[in-house]
Amino acid sequence: DQQVKQNSPSLSVQEGRISILNCDYTNSMFDYFLWYKKYPAEGPTFLISISSIKDKNEDGRFTVFLNKSAKHLSLHIVPSQPGDSAVYFCAASGGGSQGNLIFGKGTKLSVKP
Amino acid sequence: EPEVTQTPSHQVTQMGQEVILRCVPISNHLYFYWYRQILGQKVEFLVSFYNNEISEKSEIFDDQFSVERPDGSNFTLKIRSTKLEDSAMYFCASSAGWKGNQPQHFGDGTRLSIL
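Quick summary incoming for the structure in this document.

### Some remarks on the overall build of chain B
Reasoning step 1: Each helix and strand counted, chain B has zero helices and eleven strands in total.
Reasoning step 2: Its helices and strands taken in sequence order, chain B reads β-β-β-β-β-β-β-β-β-β-β from the N to the C terminus.
Reasoning step 3: Its C-alpha radius of gyration of 13 Å places chain B within 12% of the 13 Å reference for a compact globule of 115 residues.
Reasoning step 4: Here the C-alpha coordinates of chain B stretch approximately 40 × 25 × 25 Å along the principal axes.
Reasoning step 5: Of the contacts made within chain B by residues no fewer than 6 positions apart, 55% connect residues no fewer than 24 positions apart.
Reasoning step 6: Only carbon and sulfur atoms are counted for the fraction: they give 45% of the accessible area of chain B, which is about 5,900 Å².

### Some words on the pattern of salt bridges
Reasoning step 1: Here the structure, examined in full by the defined rule, presents two salt bridges over all chains.
Reasoning step 2: The closest approach of N and O atoms between arginine 61 of chain A and aspartate 84 of chain A, which form a salt bridge, is 2.8 Å. Pair noted here: arginine 61 of chain A is in the loop between β6 (56-59) and β7 (62-67) and aspartate 84 of chain A is in the loop between β8 (72-77) and β9 (86-94), with a separation of 23 residues, a long-range link.
Reasoning step 3: The salt bridge partner of arginine 36 of chain B is glutamate 44 of chain B, with a shortest N-O separation of 3.3 Å.
Reasoning step 4: Since its relative accessible area comes to 10%, arginine 36 of chain B is described here as buried.

### Structural notes on the state of the cysteines
Reasoning step 1: According to the stated counting rule, one finds two disulfides over all chains in the structure shown.
Reasoning step 2: Two residues, cysteine 23 of chain A and cysteine 90 of chain A, share a disulfide whose sulfurs are 2.0 Å apart. In this structure, the disulfide formed by cysteine 23 of chain A and cysteine 90 of chain A twists by about -75° around the S-S bond and is classed as left-handed. With cysteine 23 of chain A in strand β3 (residues 19-25) and cysteine 90 of chain A in strand β9, the pair connects residues that are 67 residues apart, well separated along the chain.
Reasoning step 3: Disulfide pairing places cysteine 23 of chain B opposite cysteine 92 of chain B at an S-S distance of 1.9 Å. Disulfide cysteine 23 of chain B-cysteine 92 of chain B: the torsion about the S-S bond is -65°, which places it as left-handed. Taken as a pair, cysteine 23 of chain B in strand β3 (residues 19-24) and cysteine 92 of chain B in strand β9 (residues 88-95) lie far apart in primary sequence, 69 residues in all.
Reasoning step 4: A residue is classified by how much of its surface remains accessible, and cysteine 23 of chain B, at 1% relative accessible area, is buried.
Reasoning step 5: Taking relative accessible area as the criterion, cysteine 92 of chain B reaches 0% and is therefore assigned buried.

Conventions used here
Residues numbered from 1 in each chain as written. Chains lettered and ligands numbered in written order. Predicted model: local features only at pLDDT ≥ 70, side-chain atom pairs only at ≥ 80, totals over all residues. Heavy atoms only, no water. Helix = DSSP H or I, 4+ residues; strand = E, 2+ residues; numbered from the N terminus. Rg over C-alpha atoms; globule rule 2.2 N^0.38 Å. Contact = heavy atoms within 4.5 Å. Areas by Shrake-Rupley, 256 points an atom, 1.4 Å probe, with all protein chains shown as cover. Salt bridge = Lys/Arg side-chain N within 4 Å of Asp/Glu carboxyl O. Buried < 20%, exposed > 50% of the residue type's maximum accessible area, 1.4 Å probe, protein only. Disulfide = S-S within 2.5 Å.

Written out as structure tokens, the structure reads:
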């Protein structure tokens, strides 16, 4: 059961360039999508979210885009910094459940100086 | 910034033993959750808790699992008779509300190793 998919296990980007992390979902009833960042030996840290009624949300260097017709969302990080190197999880909520998050497998981002 | 704290950071237990994982959620949060992540796999939802009762639980959360809020600050996950396949990272989370616009904040996890 893969309701939330992150098909790229890893991504390598040069410092200062844009990082684009992608996520696909199958359940059209999800009402919120969230991105979390995770460093080794730490828990997931909330980054940014987007409601299913929006198509874009921006917070500083982070922007999330939602394409409902394609059931696709992406996280853009501009400019990328070495401290952004971490595993990024896409998660979704709603879809008939009360609050529990359904996570993708994560994408490991490496930002090279 | 307030944070969710979990203890212990690493727990090693013999198969068949009971284990209790502890969490202190963010103080003004009302919704509490447990998730687990088996090595190399996704973070998976186990259970949510609100108003002193379970709101929702996954298929993983069988009769071997229980949760409790024994006082005003702690939130615990008990595994009654541990199995080898219970070895995983267990994350506690809390949120002010249950909708996605009130995001869940996670602790750093407890690594549970069953021998």
